[in-house]
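The lines below spell out each chain.
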Amino acid sequence: MTTGSRFITDFGLILPERLDLLKQIASVAASQSLPLFVVGGFVRDLLLHHSVNDFDLVVEGDAIHFGNALVRKYGGKLTPHQKFHTAIWHLPNTSETLDLITARKETYLAPGALPTVTPATMEDDLRRRDFTVNAMAIRIDGGHFGELLDPLNGRADLENKIIRVLHPKSFVEDPTRIFRAIRYEGRYSFTLEPATLSLINSESISVIMRLSGERIRHELDLVFEEENSSQMLLRAGKLGLFNAIHPKLPMFNPDYFVFLEIDPILDIPMSRMEIGYMLWFMDLMEDDILSIARRLDFSSDMTHSVWAVSQLKKSLPFLVNSRPSVWSLALENLPLLSIYVVYLVSRESALLDYLSIWRHVKPHTTGDDLKARGLTPGPRFGEILSQLRAAWLDGDLESAQQEQDMLERLIKLN
Ligand code: CTP
């Protein structure tokens, strides 16, 4: 990477079909005399020689007008958003979509509020962004293909591995940028430039309190999706961000960092993000978990999963050495991932037995068999089937014949 050259020629990290698509889009922009740019993370990662495939496309002009020209030439469908001067292009013959954005200026009416948007030049658009390394654009229309627009010296900061805000009010206007800074720092091993670091102070952190739960959760979700999430959580905690989110939000227990890097061993859908929150809140009191879940605007499923982890962990001492049927009864209404997370931290082998074996155990007898034996459907049905299952789980039955004998005894008791 050399700071000198104004034209970027090495697009080798983009898949050939993506580069073709970019060139096709660029040819329509050229025919409409619309300056078209790829911006932000695309440029940053291209210059860092990381793989890039997501385009952030910005036109200096009307993105909706440009989108209509793309549809005329290549087909597909356009969903325009007049208010934001943006459009979504649904590409023909695929489920893929591309966002088309009009270069814009932003004004913040209040700290932490969403900005008001007006059309502007590409350079204005770069000046409203978070960090210098994200404030570069590559022009791609016609003969301009590859031209780097870098009015804020982002390329030099990229070379020096520095994260620098564009102006002192950046974090106060949008404190989600504090989380973004931490993510880039951890992801690329960059350093927060001292003046930028000093802007993460009580003034900007206090604005986090005013952010909606959804916006904060989105930032935290992205942290859990990162490879170095442990480092980022440590950093966020040390900077005092958690207390601003919720007074009961604890530091992430360093003993649990290792579990953020799980290798799925079971046929349970794994989500790094869900596991992350479960580990984080596992040792809290029930009321605090529910209050934090409300602050972060968790779905009811997510709240239930996190709550289930803490409940199960607390009840382990009472379950240890129980028979498999007792374990199964205690676990059968809990989310599988919650059980798995408690297994990770406790290594209680019964939890793994339940996940891999016990939960699949069923008697041969079915409800239909009971009906065929003349029993009327009702609660007793379920009881008989549960008793048969429990007997299999606890090793009291070993053959289909033994199950039949037990069934006869249970029916007689009826
Ligand atoms: N941006 C910003 N302030 C924010 C969010 C985004 O200035 N609070 C700008 C940055 O220029 C960023 C671009 O919008 O590059 C796109 O945002 P996003 O897709 O969230 O980030 P990426 O740069 O693509 O980075 P990542 O790899 O983390 O997704």
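In this text the structure is predicted, and so the values were computed from the model without any measurement.

Engineer: What is the right way to read the domain arrangement of the protein from this model?
Structural biologist: Many analyses report the size of an interface as the accessible area lost when the parts associate. Under the domain assignment used here, the protein contains domain 1 (1-160), domain 2 (161-245), domain 3 (246-360) and domain 4 (367-413). Each partner contributes to the interface: domain 3 provides 7 residues, whereas domain 4 provides 5 residues. Roughly 510 Å² of surface becomes buried between domain 3 and domain 4 when both sides are summed, with 42% attributable to carbon and sulfur atoms. When the buried area of domain 3 at its contact with domain 4 is split by residue, Arg-323, Ser-325 and Trp-358 rank highest and sum to 63% of it. Notably, a salt bridge pairs Arg-323 with Asp-396, separated by 3.4 Å at the nearest N-O pair. Summed over the shared surface of domain 3 and domain 4, the number is 4 residue pairs in polar contact (both at pLDDT 80 or more). Residues that form the side of domain 3 that touches domain 4 fall into these classes: 2 nonpolar, 2 polar and 3 charged.

Engineer: Looking at this structure, how should I read unusual backbone geometry?
Structural biologist: Residues apart from glycine generally show negative phi values, whereas peptide bonds are mostly found in trans. Positive phi values are uncommon outside glycine, yet Ser-189 reaches one of about 55 degrees. Tracing the chain through its elements places Ser-189 in the loop between helix 7 (176-188) and strand 11 (191-192). Even without glycine at this site, Asp-297 takes up a positive phi of about 55 degrees. Along the polypeptide, Asp-297 turns up in the loop between helix 14 (286-295) and helix 15 (300-319). Judged by relative accessible area, which is 44%, Asp-297 ranks as partly exposed.

Engineer: Looking at this structure, I do not really get the sheet that holds strand 8 (residues 137-139). What am I missing?
Structural biologist: If you trace the 7 strands from one edge of the open sheet to the other, you get 3-4-5-2-1-8-9, paired in mixed fashion. Edge positions in the sheet fall to strand 3 (77-81) and strand 9 (147-149), since each has one partner strand and no second. Here the average twist between neighbouring strands, direction ignored, is 30 degrees. Where strand 1 (residues 36-39) meets strand 2 (residues 57-59), 3 bridges bridge the pair, whose relative direction is antiparallel. Looking at strand 2, one finds that Val-38 is bridged to Leu-57.

Engineer: Help me out: how do you make sense of the side chain of Asn-134 in this one?
Structural biologist: Positionally, Asn-134 belongs in the loop between helix 4 (122-127) and strand 8. Among the polar contacts listed, one links the side chain of Asn-134 to the side chain of Asp-130, at a separation of 3.2 Å. Asn-134 has contacts with Gly-40, Gly-41, Arg-44, Arg-129, Arg-180 and Tyr-184, leaving out every residue within four places of it along the chain.

Engineer: Please clarify how the site of the ligand should be interpreted in this entry.
Structural biologist: For the ligand, the set of nearby residues contains 13 residues, the closest of which are Arg-44, Arg-129, Asp-130, Asp-174 and Arg-187. The contact in question runs from an oxygen atom of the ligand to an N or O atom on the side chain of Arg-44, over 2.9 Å. Within the side chain of Tyr-184, one N or O atom sits 3.1 Å away from an oxygen atom of the ligand. Burial of the ligand by the surrounding chains reaches 69%, relative to a free accessible area of 570 Å². With respect to the pocket detection grid, the ligand is positioned in the largest pocket. Of all the elements in the fold, those that place two or more residues in the shell around the ligand are helix 2 (41-47) and helix 7. In terms of residue count, helix 7 provides more of the shell around the ligand than any other element does, 5 residues in total. Within the shell around the ligand, the residues separate by chemical class into 1 nonpolar, 4 polar and 8 charged. Structurally, the shell around the ligand is a two-domain feature, drawing no fewer than three residues from each of domain 1 (1-160) and domain 2 (161-245).

Rules used in this analysis
- Residues numbered from 1 in each chain as written.
- Predicted model: local features only at pLDDT ≥ 70, side-chain atom pairs only at ≥ 80, totals over all residues.
- Heavy atoms only, no water.
- Domains from an automatic or database assignment.
- Contact = heavy atoms within 4.5 Å.
- Buried area = accessible area lost by both parts, 1.4 Å probe.
- Salt bridge = Lys/Arg side-chain N within 4 Å of Asp/Glu carboxyl O.
- Polar contact = N/O pair within 3.5 Å; in protein donor to acceptor, adjacent residues only side chain to side chain.
- Nonpolar A, V, L, I, M, F, W, Y, C, P; charged D, E, K, R; others polar.
- Helix = DSSP H or I, 4+ residues; strand = E, 2+ residues; numbered from the N terminus.
- Buried < 20%, exposed > 50% of the residue type's maximum accessible area, 1.4 Å probe, protein only.
- Pairing = 2+ DSSP bridges.
- Axes fitted to C-alpha atoms, helices over the stretch in contact; angles between N-to-C directions.
- Near = heavy atom within 4 Å.
- Areas by Shrake-Rupley, 256 points an atom, 1.4 Å probe, with all protein chains shown as cover.
- 1 Å grid on protein atoms, 1.4 Å probe; cavity = no way out; pocket = protein on both sides within 12 Å on 5 of 7 lines; lining within 4 Å.
- Sits in = over half its atoms within 2 Å of the grid points.

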